[in-house]
Amino acid sequence: MSDPAWHHLPHDPRSFFDLAEGFDRRDLKRAYGKLIRQFKPETHPQEFQRIRAAYEQLENAERYGRNQAESQSAAEAWKPNTNSQPQSESRPSDTSASDANQPSKRPKPPISPVDEAIANPRESYTRLSQRHSRSPLDYYILAVLSDLLVKPTNESEKHRPQFLQWLLDGLQEHPQEHGLISLVAGTLRGDVPDDQIQTLLPKIAKSIRSSMFYRLTEPLWERLLLDQPFETFERLIRECEGHLRQGDPRARLAFYLRILRTAIWTAPSEWTQSQLETLSGQAADLDDSMQNDLEFVELLHSYLSSTKPSASEFPARATMESFLRTYCTGDGPTATAEMARCLDEIARDAHGVQESFPINQEQDDHSLFLLMMMATSDLAETTGLIAPAPDEEKNNRQAVSCLRDLKNTLQEVVHRVSLIDTTYKWIPFAGLYLVFGILFTVIWFIAMTIVNQMTYSSASGAISVLIMIAGLLSFPILYFWWFYPKHLAERAENSRQKYFATCYTKRWRERLFRYVQSCGESPSDSLTRLNEAAAFHDDTEWMNLVLSFCHGDLGLLIFARAQLFVG
């Protein structure tokens, strides 16, 4: 596998990922996942960090709707102009031979602001700081020189406050300057101590009063939600939004979609519901990726708001919730390692997963199931945490072995189903037919006695026999055409399904859990393989019954998905 084009970083991440100009977040995730499968955090930590930073830069810009052409122009920000060359003065042609032998004098090229700042930092800082109008490069030079020349006034300001302030001043004068935006974003992402976030956010809101505020400060808000009570976040966000001018609504939508993933774990349910209603009301402005983000947050809110079993009672369920919380609030290799640990624990706890997802339970766990499927799919794309391709031959043998073990219970199941049919169809039929036959015979005998007393002929005797036969035959027709379908068929089917569910729980489920654990592939692939084995051995009909329960067994499907991350 060829090495990526590292020379494009950090200025041109789109070229680094080899993305076309019209890329979307799905294309970015695929390119990112391909690279981090090669450069895993545990074996290539420095390369992983560079790839991760480039991914976050593009993903952030894509979510907030920045034109992708801006990413390209940002790569060219402040690049010196090499096309203009100083031209020497033209000389008359009538020069002497001695003059021609002398070296020509060329004017010295003008010194660049960067070189001047390096040569005379203090003079450059004083001169630039006194200017009334400055270029973006001037603000960058002032920010860098402030680190060298301006000492913090107190201990709490030792983390480059003047550096950030010059960049913010630059954005006030040049709001769309991509170089400054990139520098501010990088500074806010990793160079602000926790104890300064609450004081810094209002200052940034007063300096950057546009919707760019949401994009630049998003990492600070996420850290604030993790470290402080939700009430602190709610108070600060109201204060900061009071300083902002109304701008691009997409920026606010993208901000709250991301922030909700962190806030939802500590925020009051009413606040979360209010924000989701606002986002849903503007769903027409969301692209496909943001629609998926909104669906995920809505499912998460539905699950967290529902009545759930005790985590201490079902540890496997608690592990799944821990995985989802880390997925929503964590970042970087530490969070990735924690999610991998959770999935590994789930993948090895077949008994715990079965207990957490009993068959025919009253609790609706579809929200938890969908959340696990969405989160693990995204994790596989963005981290490369996925096991190698399975051994096809080994998995085929596992499917045949599982099929054979399941088939050993078939004879008893068929016998029990036959008994259910007898109980609900034939026993009622025999009893009712006996009662009907006795009553009909008595009524027929009385009627024939009365008729014979009135008149008798050979024809009337034959008619009476036909009436008897017709009466006795009408009951089976009436029973199977009307009475059984209307009154007993549903009860028989419910009894069969209840028995099948019992069979699945007590006889088939544990074997199927062992089967998917041995395969180590996606739920659909492992179940399709089992169905193909059944078709090859002419056992499709009863295997369809087993698979119908498999596809509804949310615990089995989550357990099978977790196997993809083991190894």
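Looking up the protein in an unreviewed UniProt entry gives the name Putative membrane protein, with the organism given as Rhodopirellula europaea 6C.

Q: Describe the layout of surface pockets, and please don't skip the residues or the numbers.
A: For the largest pocket, the calculated volume is near 1,200 Å³. Taken together, 45 residues line the largest pocket, and the ones lying closest to its centre are Arg52, Arg258, Arg261, Tyr327 and Asp378. In terms of residue count, helix H20 (residues 366–383) provides more of the lining of the largest pocket than any other element does, 8 residues in total. Here the residues of the lining of the largest pocket sort into 14 nonpolar, 13 polar and 18 charged.

Q: Please set out the packing of aromatic side chains residue by residue, giving values where relevant.
A: Evaluation of the coordinates by the stated rule reveals 33 aromatic pairs. When the ring of Trp6 is compared with that of Phe16, the centres are 5.4 Å apart and the planes differ by 40°; the resulting orientation is tilted. Linking Trp6 in the segment before helix H1 (13–16) with Phe16 in helix H1, this pair joins segments that are 10 residues apart in sequence. Summarising the burial analysis for this pair, Trp6 and Phe16 share the class buried. The interplanar angle of 75° and the centroid separation of 5.4 Å between the aromatic rings of Trp6 and Phe39 together place this pair among those described as edge-to-face. One end of the pair, Trp6, is in the segment before H1; the other, Phe39, is in the loop between helix H2 (25–38) and helix H3 (45–63), and 33 residues separate them in sequence. Across the pair, Phe39 and Trp6 agree in class, each one buried.

Q: How would you sum up the environment of Lys34? Please name residues and give values.
A: Within the secondary structure, Lys34 is located in helix H2. For the pair Lys34 and Thr383, spaced 349 residues apart in sequence, the C-alpha separation works out to 9.0 Å.

Q: Describe the pattern of salt bridges, listing the residues and the values that go with them.
A: All chains considered together, the criterion is met by 29 salt bridges. For Arg52, the salt bridge is made with Glu56, and the minimal N-O distance between the two is 3.0 Å. Linking Arg52 with Glu56, this pair stays in helix H3, spanning 4 residues, or about one helical turn. Overall, the relative accessible area of 14% leaves Glu56 in the buried class.

Q: How would you explain the confidence of the model for the protein if you had to name every residue and give the values?
A: Here the protein averages 84 in pLDDT, while 87% of its residues score no lower than 70. Segment residues 67–75: pLDDT under 50, and 15 contacts once partners within four positions in sequence are set aside and those in other chains are kept. For the stretch residues 82–100, pLDDT sits under 50, and the model shows 1 contact to residues farther than four places along the chain or on other chains.

Q: Quick rundown of helix H8 (residues 136–149)? Include the residues and the values.
A: In this model H8 runs 20 Å from its N-terminal to its C-terminal C-alpha over 14 residues, within 8% of the 20 Å that 1.5 Å per residue would give. Looking at the buried side of H8, the elements it contacts are helix H6 (113–119), helix H7 (121–129), helix H9 (161–173) and helix H10 (178–190).

Q: Which residues make up empty space enclosed by the protein, and what are the values?
A: Under the defined criterion, the tally for this structure stands at 2 cavities of 30 Å³ or more. The space that makes up the largest cavity amounts to roughly 60 Å³. Every residue along the wall of the largest cavity is listed here: Arg25, Arg63, Ala254, Leu257, Arg258, Arg261, Met290 and Asp293. When residues in the lining of the largest cavity are grouped by element, the largest group, 4 residues, is from helix H14 (residues 249–263).

Q: Before we move on, can you summarise unusual backbone geometry with the specific residues and values?
A: Although it is not a glycine, Asp18 adopts a positive phi angle of roughly 55°. On the secondary structure map, Asp18 appears in the loop between H1 and H2. The backbone of Asp538 sits at a positive phi, close to 55°, despite the residue not being glycine. By the element assignment, Asp538 lies in the loop between helix H24 (523–536) and helix H25 (540–552).

Q: Account for a nonpolar patch on the surface, with residues named and values stated.
A: On the surface, Leu434, Ile438, Val442, Phe445, Ile446, Ile450 and Met454 cluster together to form a nonpolar patch covering roughly 750 Å² of accessible area. Looking at the secondary structure, you find Ile450 in helix H22 (residues 410–454). For Ile450, a relative accessible area of 46% translates into the label partly exposed.

Q: Describe the UniProt feature "transmembrane region" (unreviewed entry) in the protein, listing the residues and the values that go with them.
A: Under the UniProt annotation, the feature "transmembrane region" (unreviewed entry) is placed at residues 426–451 and 463–484. Between the C-alpha atoms that bound residues 426–451 there is a distance of 36 Å. The span itself is 100% helix and 0% strand. This span, residues 463–484, is 100% helix and 0% strand, and a straight line between its end C-alpha atoms measures 30 Å.

Q: Would you mind going over the packing of helix H17 (residues 315–329) against H20 in detail, with residue names and values included?
A: Each packed pair of helices is defined by two parameters, the angle between the axes and the distance between the axes. For the pair H17 and H20, interaxial distance at closest approach is 11 Å and the crossing angle is 50°. Considering the angle they form, H17 stands oblique to H20. Regarding H17 and H20, the two cross each other, and that crossing is left-handed. Where H17 abuts H20, its residues Arg317, Met320, Phe323, Leu324 and Tyr327 lie against Leu368, Leu371, Met372, Ala375, Thr376, Asp378 and Leu379. When the residues that make up the contact of H17 with H20 are grouped by side-chain class, the tally is 9 nonpolar, 1 polar and 2 charged.

How each quantity is defined
Residues numbered from 1 in each chain as written. Predicted model: local features only at pLDDT ≥ 70, side-chain atom pairs only at ≥ 80, totals over all residues. Heavy atoms only, no water. 1 Å grid on protein atoms, 1.4 Å probe; cavity = no way out; pocket = protein on both sides within 12 Å on 5 of 7 lines; lining within 4 Å. Points joined across faces, edges and corners; volume = space filled by probe spheres on them. Helix = DSSP H or I, 4+ residues; strand = E, 2+ residues; numbered from the N terminus. Nonpolar A, V, L, I, M, F, W, Y, C, P; charged D, E, K, R; others polar. Phe/Tyr/Trp six-rings, centres within 6.5 Å; stacked < 30°, edge-to-face > 60°. Buried < 20%, exposed > 50% of the residue type's maximum accessible area, 1.4 Å probe, protein only. Salt bridge = Lys/Arg side-chain N within 4 Å of Asp/Glu carboxyl O. pLDDT = per-residue confidence, 0-100. Contact = heavy atoms within 4.5 Å. Expected span 1.5 Å × (residues − 1). Patch = residues over 30% accessible without salt bridge, like charges linked within 9 Å, V, L, I, M, F, W, Y side chains within 5 Å. Areas by Shrake-Rupley, 256 points an atom, 1.4 Å probe, with all protein chains shown as cover. UniProt positions renumbered as here; feature names shortened; annotations may be inferred. Axes fitted to C-alpha atoms, helices over the stretch in contact; angles between N-to-C directions. Parallel < 35°, antiparallel > 145°, perpendicular 65-115°, else oblique. Left-handed = near helix turned anticlockwise from the far one by under 90°.

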